[in-house]
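# Topology and contacts: notes
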Amino acid sequence: MVRWHRKAVVSSAALALVLAVGACSDSGGKQEEQNADSGSGNVATTPRIKVALITHSKAGDTFWDIVRRGAEAAAQKDNIELQYSSDPDGAAQANLVQTAIDSKVDGIAVTLNKPDAMMPNVKKAIAAGIPVTVLNGGLDTWKQSGAIGYFGQDERIAGEATGDKLKQLGAKKVLCVVHEQGNVSLEARCQGIKNKFGNVENLNVDGADQPGTQATITSKLQQDKSVDYLVGLNAGVTLTAVQAAKDAGSSAKIGSFDMSKEMAKAVKDGTVQFAVDQQPYLQGYLAIDAIWLNKTNGNSIGGGEATLTGPSFVEKSNIEAVEKFAAAGTR
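As a starting point, this report considers the structure included with it.

What counts as what
- Residues numbered from 1 in each chain as written.
- Predicted model: local features only at pLDDT ≥ 70, side-chain atom pairs only at ≥ 80, totals over all residues.
- Heavy atoms only, no water.
- Buried < 20%, exposed > 50% of the residue type's maximum accessible area, 1.4 Å probe, protein only.
- Helix = DSSP H or I, 4+ residues; strand = E, 2+ residues; numbered from the N terminus.
- Pairing = 2+ DSSP bridges.
- Right-handed = clockwise from strand over helix to strand, strands pointing away.
- Disulfide = S-S within 2.5 Å.
- Axes fitted to C-alpha atoms, helices over the stretch in contact; angles between N-to-C directions.
- Contact = heavy atoms within 4.5 Å.

So, about the pairing of strand E8 (residues 229-232). Burial of E8 is two-sided: the residues Tyr 229 and Val 231 facing one way and the residues Leu 230 and Gly 232 facing the other way are all buried. In the sheet, strand E6 (residues 174-178) pairs with E8 via four bridges, with the strands oriented parallel. Note that in E8 the partner of Val 174 across the bridge is Tyr 229. Here four bridges tie E8 to strand E9 (residues 253-257), and the two strands are oriented parallel to one another. Of the residues in E9, the one forming a bridge with Leu 230 is Ile 254. What joins E8 to E9 is helix H8 (residues 235-248), and the crossover it makes is right-handed.

Written out as structure tokens, the structure reads:
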């Protein structure tokens, strides 16, 4: 599997990954696949602490289900009470950070995909002595907040790698489908593709509205027959785009960011040509484990730099290496 990394992911705690998950509070995505038969491992004897995981996820997003499973596995191992909450609106997500501060949590793991809205309350948490880790989004801003670490991929590098991949595949014109306007991570992906590939057009859709997304993509492909490749920025939107291309009678091929059980099947059968994997399970796990290590042993991970969990390409040639984990809900 080809990987692009500015630095290696180094964490001894990551070697102790366990797949069993513990109960957590608040709302989140579907949790039907819990890997209860994978073994629970040993639980830390350190004092129990309370950590909040606060993301910008919309309800029912399978990507964030995987992030959450990783966080729950770390929480179970580390004797942590994990409180999960999410809101795609930047101001509302910032309010969730304030709620965590008010409830006197011992640590916060948070996404900074909308940094302007989030930064004041994140800094407030740190000023209150609460260690904060950043995951998934906020690569360019996490240091400004004073967070103790960042866990995710460099979205620009991921986009540029995808642009190179599209050139290798002989694409001529690419449609980059943005499912959440204002999300800096998604914008960086499309910009990275454009940096390397050139002929890229962004198409904005509402990822929470599946019928509307399908109709918008169908209409675009019907209007512009020159589009021969479409890239979705998450697995759900990409699979919607597959149907939209059929509806439009388009021969455009499909690429994707992010994995899921359904995406693994689509890659295996050739419906989707590739998926860019950023290992969301690892992001959730490391963001929680880093707080525990900091609280119990004064550790920090990454040497002051981001700890990169991706990107890597999952294609038909290597899908067998990850499909069983995708089926289990951890890739």
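Another aspect to go through is the state of the cysteines. The full count for this structure, using the stated rule, is one disulfide. A sulfur-sulfur distance of 2.0 Å marks the disulfide that ties Cys 176 to Cys 190. Across the S-S bond of Cys 176 and Cys 190 the torsion is about -80°, and the bridge reads as left-handed. Residue Cys 176 is found in strand E6, and its partner Cys 190 is found in helix H6 (residues 184-197); the two are separated by 14 residues along the sequence. A residue is classified by how much of its surface remains accessible, and Cys 176, at 0% relative accessible area, is buried.

With that out of the way, let us pick up the sheet that holds E9. Taken in spatial order, the six strands make up an open sheet running E7-E6-E8-E9-E10-E12, and their pairing is mixed. With one partner strand each, in any of the chains shown, strand E7 (200-204) and strand E12 (312-315) form the two edges of the open sheet. Each neighbouring strand pair of the sheet contributes to a mean axis angle of 25°, computed without reference to strand direction. Two strands pair when backbone bridges link them, and strand E10 (residues 274-277) and E12 are joined in this way by four bridges, in the antiparallel orientation. Bridge pairing in E12 links Asp 277 to Ser 312. The strands touched by H8 within the sheet are E6, E8 and E9, with E9 carrying the most contacts at an inclination of about 170°. Each of E9, E10 and E12 is contacted by helix H9 (residues 261-268), which is oriented at about 140° to E10, the strand it contacts most.

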